[in-house]
Structure formats: C-alpha cells, structure tokens
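Breakdown of the fold
Each chain, letter by letter, is given below.
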Amino acid sequence: MSFNFLQPIRALVASLSFSSLPPNATPQAVEPERNLKMVVRIGILSCYHTSGIVKEKFGEFEDVYKSFLRQTAPDGIREVVDETKGDGDYVFEAFDATASDSLPHERLDEFDCFMITGSPASANDEMEWVIRLAEFIAQVAESRPQIRFLGICFGHQIIARAMGGKVEYNGGTWEAGPTDMKLTEVGKRVFGEDTDREWTLQQLHRDHVVQTPPNFEVLGSSPITPIQGMVRFRRGRERSGIRSEAEDEIQFLTTQGHPEFSEDLTMTVVDAFVVDGMMDAETAAAAKARRGHHVDSDGVGKAMWNVILQASRSRKS
C-alpha cells in the first residue's frame, strides 16, 4: 500500500482561514491555537530511565525514539521548532510513564499518536505504573479510536496485555542483537515488502507475546518468538462490496524488535546487562558475533510514519 505523506498536512493547512477574525485582530493573535491543530502531535510514553554509560552516550530514553522518528520522517516533513510560528509539521511531547499522574488523560484530543517505548520491566509486572499504563492504553483505545498507538519491545507487550492478549516469560531465553523474522502476508502489506525475504531488527528481550488480543494480526515470527509484531486495523464499512478507506487504516502497530536501536546502542546495553547480571556472557557473545548485519529499521520507520500521518488525516476529516 502507498500513501501520500504530504497530502494530510497540506490539506489541513489549506483548510485554515483567518477571514473570521475580529477587525482589530491579527493572525498572530490566534496563531498558537491554530498551529496546535495544524501539526501532528506525537506523545512519547517513556518507560525507562537510562543511566551510566548508556545515558552518557545516548541521552534520555525518549531521545532515542525521537531521533528514530526524525531520521525516518518522509521527505518534506519537518519537526516543529516553535509552535507559535508554524514552522514545521510534527512535534514531540514526552511523558514519564513510570511516574504517578504523568499520563495526559486530560489532553487526549491534542494528540494524534502515542509511542510506547521499551523497558527492562515486564509487561506482566503488577507494579502500579505498569497497571496504570495498561489501563490508559485500553481507555484511550475505547474512547478515542482515532488516536494511534505504536509500541516497541515492552511497548509491544504492554499493548498486548492492555488489549486482552497474553505475555509470558520466555524461560530465560534471550533474543539479543540482529534477529531475522519471517513476515506474514499482513506483515508484508504493512511494511511494503513484495518479496519473501526475511526482515531483521535489533532485539533485546526475554518476555514475549504468546497470544494476540482480539482483532490483532501477527506481522512476523522468529523461531524463538512467534509474534514479532502486531497490527490492528480500523475497520471501515463496505459499500457495494468496496472497502472504505478506513479499512486499511491502522490503530495499533507494534514490533518486538528495536528499529530505534543502533548497533552501538544495542551492544552498549548488552554489555550493561552482562555487568548487571541480567544476561549471560554466552548470549552476549552470540549477539556481538552478528554485528554488521543489515537491519530493516528504515522500513519499520516508514510504516510507523504511515500510521502517524493516517491519524492526522482522520483528525482533519
């Protein structure tokens, strides 16, 4: 499937008019409010605090996700520098999902998409913040189906838990480093792949999704992890046997792998896990032996931007 990335932004901009302003008003007087509606607003729900060498080299965890989306943004789509000037197309806002009262319950209508990050925590944990995040996902999905969700690693798993799927500890078996996965036919369609080649992403996990929530479809699988990603489409009505446009729109898109992780970041975290006793030396060595393997991060980024811009188009209409 293909999408015109610029169409939703340009159409939304073209629809705005200052003709109804009071005689003494100027466009600048209302520009901040109108620009808030013009840009695509992406909420990053950060589920981990970096520390030590990881923080020193790569910054806060949400910075990794922002950088990934910046690098994979479609040509002509620019990040907002100053919302009062209308100088861009999208803006990030990060929230610490591990903190109490940090989730934007009262501001949902401002957002087009939420991206949920990875975390060393388990999606099955009964910690208060994990439960709050799962409840938030389920509530937003029900009350604001126009808002899209992207989930990576822990984000993938917590979405599965929130929406009625099942997550299990994988018996201590890691997937670490570049890992191949076989795409399903749905996965090929979502990622725009027209061959049978396997896709590869950096991985760092022991928990995995073993049962998809209702109405979710599997994107791919590996020998260790049968559900390497999920999608839920916003089903549209059929008219005279023809699918509506909403049939192909995505509400949830998740990956078990880390498209946002560079090789350097992955191996730095692997080393940190070994030092902390979370990962054995043999697993770490096997991950490092696969360094230099091609990964399909850009393809996943393109698919995620498709979802983000679909949300913008739906809000406009």
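Because the structure is predicted, anything quoted here is derived from the model rather than measured. (Residues numbered from 1 in each chain as written. Predicted model: local features only at pLDDT ≥ 70, side-chain atom pairs only at ≥ 80, totals over all residues. Heavy atoms only, no water.)

1. Regarding the pairing of strand E13 (residues 249–255)
In terms of burial, E13 is a largely internal element, seven of the seven residues being buried. By the bridge criterion, four bridges tie strand E4 (residues 148–152) to E13 in an arrangement that is parallel. Note that in E13 the partner of phenylalanine 149 across the bridge is phenylalanine 252. Pairing between strand E10 (residues 229–234) and E13: six bridges, direction antiparallel. Pairing of methionine 230 across the sheet is with threonine 254, part of E13. (Buried < 20%, exposed > 50% of the residue type's maximum accessible area, 1.4 Å probe, protein only. Helix = DSSP H or I, 4+ residues; strand = E, 2+ residues; numbered from the N terminus. Pairing = 2+ DSSP bridges.)

2. Some remarks on empty space enclosed by the protein
Applying the stated criterion across every chain yields a total of two cavities of 30 Å³ or more. By volume, the second largest cavity amounts to about 30 Å³. Together, Met181, Leu183, Phe191, Leu219, Gly220, Gln228, Gly229 and Thr255 line the second largest cavity. Listing elements by their share of the lining of the second largest cavity, those giving two or more residues are strand E6 (175–183) and strand E9 (217–221). Of the residues that constitute the lining of the second largest cavity, the class distribution is four nonpolar, four polar and no charged. (1 Å grid on protein atoms, 1.4 Å probe; cavity = no way out; pocket = protein on both sides within 12 Å on 5 of 7 lines; lining within 4 Å. Points joined across faces, edges and corners; volume = space filled by probe spheres on them. Nonpolar A, V, L, I, M, F, W, Y, C, P; charged D, E, K, R; others polar.)

3. Re the side chain of serine 122
For serine 122, the position within the fold is in the loop between strand E3 (113–116) and helix H5 (128–143). Note on serine 122: relative accessible area 17%, which makes it buried. Side chain to side chain, serine 122 and aspartate 207 meet in a polar contact 2.7 Å long. Sequence-distant contacts of serine 122, that is, excluding residues within four places in its chain, are made with Val130, Phe154 and Asp207. (Polar contact = N/O pair within 3.5 Å; in protein donor to acceptor, adjacent residues only side chain to side chain. Contact = heavy atoms within 4.5 Å.)

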